[in-house]
Each structure stands twice: as structure tokens, then as C-alpha cells.
Amino acid sequence: MPPQPPAPTSADRDALLSTLTRIADALERIAPRAATAPDLNAADAFVWHPSPARLDPVPKVNRVDLVLLRGIDRVRDVLAENTERFARGLPANNALLWGARGMGKSSLVKAIHAETNERLARRKGERSLKLVEIHREDIESLPALMSLLKADPHRFIVFCDDLSFDSDDTSYKSLKAVLEGGIEGRPQNVIFYATSNRRHLLPRDMMENERSTAINPGEAVEEKVSLSDRFGLWLGFHKCSQDEYLDMINGYAAHFGLAYDRERLRAEALEWATTRGARSGRTAWQFVQDLAGRLGIRLEA
């Protein structure tokens, strides 16, 4: 009969308990923290972080006034009307703002959000409209964000800036399911706005490659192209003309009280655009910041 191991001593038991306690503490430290209910009255804008799941309030949104956005009157009016309907609890569409860089796509979303809330504040009993930014790399966590928002009485614009997908990226499926295709669909109190330089959110060479190598070219890219179809509004932003660019410059100068010779302002603004190879709202704003700095004037809305 083999010898029996000695019975553990009190010191052995204490050592084992100490080891198990350290293991439990280590597991607790690396385990994801439970999501806490966000205080959605803390601000009108938030940034979503999926790990750990939280909504960080943004006390002051980086934005420009709606009146300063020139040359985009039609898309401005369409998006403003859509947002107003949504804020009132009426049917409204997801919106894709696509087109030329620097023409005010993301600025328009933030400006219309602020403008809508100013109107809501003048009406008794109206809750403010919340803006929640989700980063492009966090799109796969969109279903978790929707689950967090759908039980809240507020209404939300979920906003993704510069949205696009690479050839080997499958996270677009999460977006498709949330926008329309999932069994739950989009919550009634949530609308999705996105900006992109691409109308179809996908690189053209990927779509052409799949079309050329497929047995049925049409069906090969249908799933990916149909992502854009989930947006009821396609709002195009195009490069501005010289007159529109100068109108932006003059609007900024008047708004901020930049006293400057008109002909000199025109000449310097055109030179600024030429050296950057583009005329856009972003270029106009960068010129105005440079001019205000030279004049020693602070830009305060």
C-alpha cells in the first residue's frame, strides 16, 4: 500500500488561500468593467467608447454657427428639415453626407444639431436632442450602443465622421443590420448620420475587382453596395466655385468683425487657395484663422 501524503498544515492552507486570493484579484483587475448607466442629462453631445462601454459627455462641441456655412444651402435645408421631423417624433431618414473634402459635411451635422436644440429649448416640455459620435473603428460595437440608447426617453443622432470600408473589412455588416436589416432594426429614438468622401462607402477598385471575377457580377457586389441604400438621404457636397469661396471668406470676416481692405482680402484669399490647390470651406476657415491671428483678433462665436 503506497504511503499516504502528509496532511496539509495550517501554514500550507494559509499559503494556498493567499495564492487563490492573488489569482482572484488579478482576474478581477483584467475583467471588463460592467457598463454603468450614463447620465444623459450631463450634456447634449457624447462620444461612445466600447471598451469599457461608456458615453463620455462633451461639454463644448467644436462647431461653427449654421449661418457661416455657405454654398450648401440645398443640403442644409434638407438635413435641417429631416432633423426637425426626427426631433418631433415624426418619421425621418438616416443620412449619408458624401462628397468633396472640406466642404462642411461634419460641420453641418454639428451645426444643425445645435440649431435644432435651440428651437427645442424655446418649446416647453421638449427634451433636448442628443448627438453621439461613434468612431469609424468602433462600428462593430454599434449594436451595443443602440441597445444602450433605445431604453432612454431622449432622441439621438448617432454620428460617424469619415465613414468608409477597406477591401477586407467586414464591419459594415454591423452597420447594415442596425440601419435596416436586423430583426430589431433601428430604435425609434435613434437616427444615423454619416459623412464620407465616397458615395458608396467602398473603394471603387474593390467593387470592380469583385465584379470582374464573379460568375454573376451584379450579385457579387450587391451586398456591399446595398449598404448605401440603407441611407434614405444621400446629400452630395461638391467643390465650390471661386465666388462661393469668396462668399465664405466675406461671411467669416463680417461675422468676426475683421476690418480689412476688401480688395486686399480678396487677393490674399485667392492666393491662399492657390497655394493649397483647393477652394473649400475648410480652406476659407484656415485663411480666416491666419488673418485673425495677424490682426491680433480672437475668433469667438
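Residues numbered from 1 in each chain as written. Predicted model: local features only at pLDDT ≥ 70, side-chain atom pairs only at ≥ 80, totals over all residues. Heavy atoms only, no water.

(A) Local environment of the pattern of salt bridges. Enumeration over the complete set of coordinates arrives at 13 salt bridges. Residue arginine 294 pairs with aspartate 290 through a salt bridge whose shortest N-O separation is 2.9 Å. Linking arginine 294 with aspartate 290, this pair stays in helix α10 (residues 281-295), spanning 4 residues, or about one helical turn. Owing to a relative accessible area of 45%, arginine 294 belongs among the partly exposed residues under this scheme. (Salt bridge = Lys/Arg side-chain N within 4 Å of Asp/Glu carboxyl O. Helix = DSSP H or I, 4+ residues; strand = E, 2+ residues; numbered from the N terminus. Buried < 20%, exposed > 50% of the residue type's maximum accessible area, 1.4 Å probe, protein only.)

(B) Spatial organisation of the sheet that holds strand β6 (residues 190-196). Strand order in this open sheet of 7 strands is β2-β1-β4-β5-β6-β3-β7, and the pairing throughout is mixed. Each of the sheet's edge strands pairs with one partner strand only, and the pair in question is β2 (53-57) and β7 (233-237). Strand-to-strand twist in this sheet, taken as the mean axis angle between neighbours without regard to direction, amounts to 25°. In terms of strand pairing, strand β4 (residues 129-133) meets strand β5 (residues 155-160) through 5 bridges, oriented parallel. Residue pairing across strands places leucine 131 opposite isoleucine 157, the latter belonging to β5. The strands that helix α2 (residues 73-87) touches are β3 (95-99), β4, β5, β6 and β7; relative to β7, the one it contacts most, it runs at about 150°. Strands in contact with helix α3 (residues 105-121) are β3, β4, β5, β6 and β7; relative to β4, the strand with the most contacts, it is inclined by about 155°. (Pairing = 2+ DSSP bridges. Axes fitted to C-alpha atoms, helices over the stretch in contact; angles between N-to-C directions. Contact = heavy atoms within 4.5 Å.)

(C) Expanded view of helix α4 (residues 142-149). Within α4 the residues assigned to the buried category are Leu142, Leu145, Met146 and Leu149. One side of α4 holds all its buried residues, which, seen down the axis, span an arc of 100°. (Arc of directions from axis to C-beta.)

(D) Expanded view of the nonpolar core. In terms of nonpolar packing, the biggest core is built from 50 residues, with Leu79, Leu108, Tyr245 and Phe287 touching the most fellow members. Residue contributions to this core peak at 6 residues, all from helix α8 (residues 242-255). In this structure, tyrosine 245 is in contact with Cys240, Ala269, Leu270, Trp272, Ala273, Arg279, Ser280, Thr283, Ala284 and Phe287, ignoring residues within four places of it in sequence. Of all hydrophobic cores here, the second largest spans 27 residues; its members include Ala43, Leu163, Phe165 and Phe231. (Core = buried A, V, L, I, M, F, W, Y, C linked by side-chain atoms within 4.5 Å.)

(E) Representation of the pairing of β3 in the model. The buried fraction of β3 amounts to 5 of the 5 residues, a majority that puts the element mostly inside the structure. Taking every second residue as pointing to the same face, both faces of β3 are buried, with Ala95, Leu97 and Gly99 on one and Leu96 and Trp98 on the other. Relative to β6, β3 runs parallel, the two sharing 4 bridges. Its bridge partner lying in β6, leucine 97 is registered against threonine 195. Taken together, the 5 bridges between β3 and β7 define a ladder with parallel strand orientation. From the neighbouring strand, leucine 97 faces β7, where its bridge partner is leucine 235.

(F) Here's a closer look at the environment of tyrosine 193. Here tyrosine 193 shows up in strand β6. Residues tyrosine 193 and leucine 79, 114 residues apart in the sequence, show an inter-C-alpha distance of 9.8 Å. Apart from residues no more than four positions distant in its own chain, tyrosine 193 is found in contact with Leu79, Asn82, Thr83, Asn93, Ala95, Val109, Ile157, Val158, Phe159 and Cys160. In terms of polar contacts, tyrosine 193 uses its side chain to reach the side chain of asparagine 82, at 3.0 Å. (Polar contact = N/O pair within 3.5 Å; in protein donor to acceptor, adjacent residues only side chain to side chain.)

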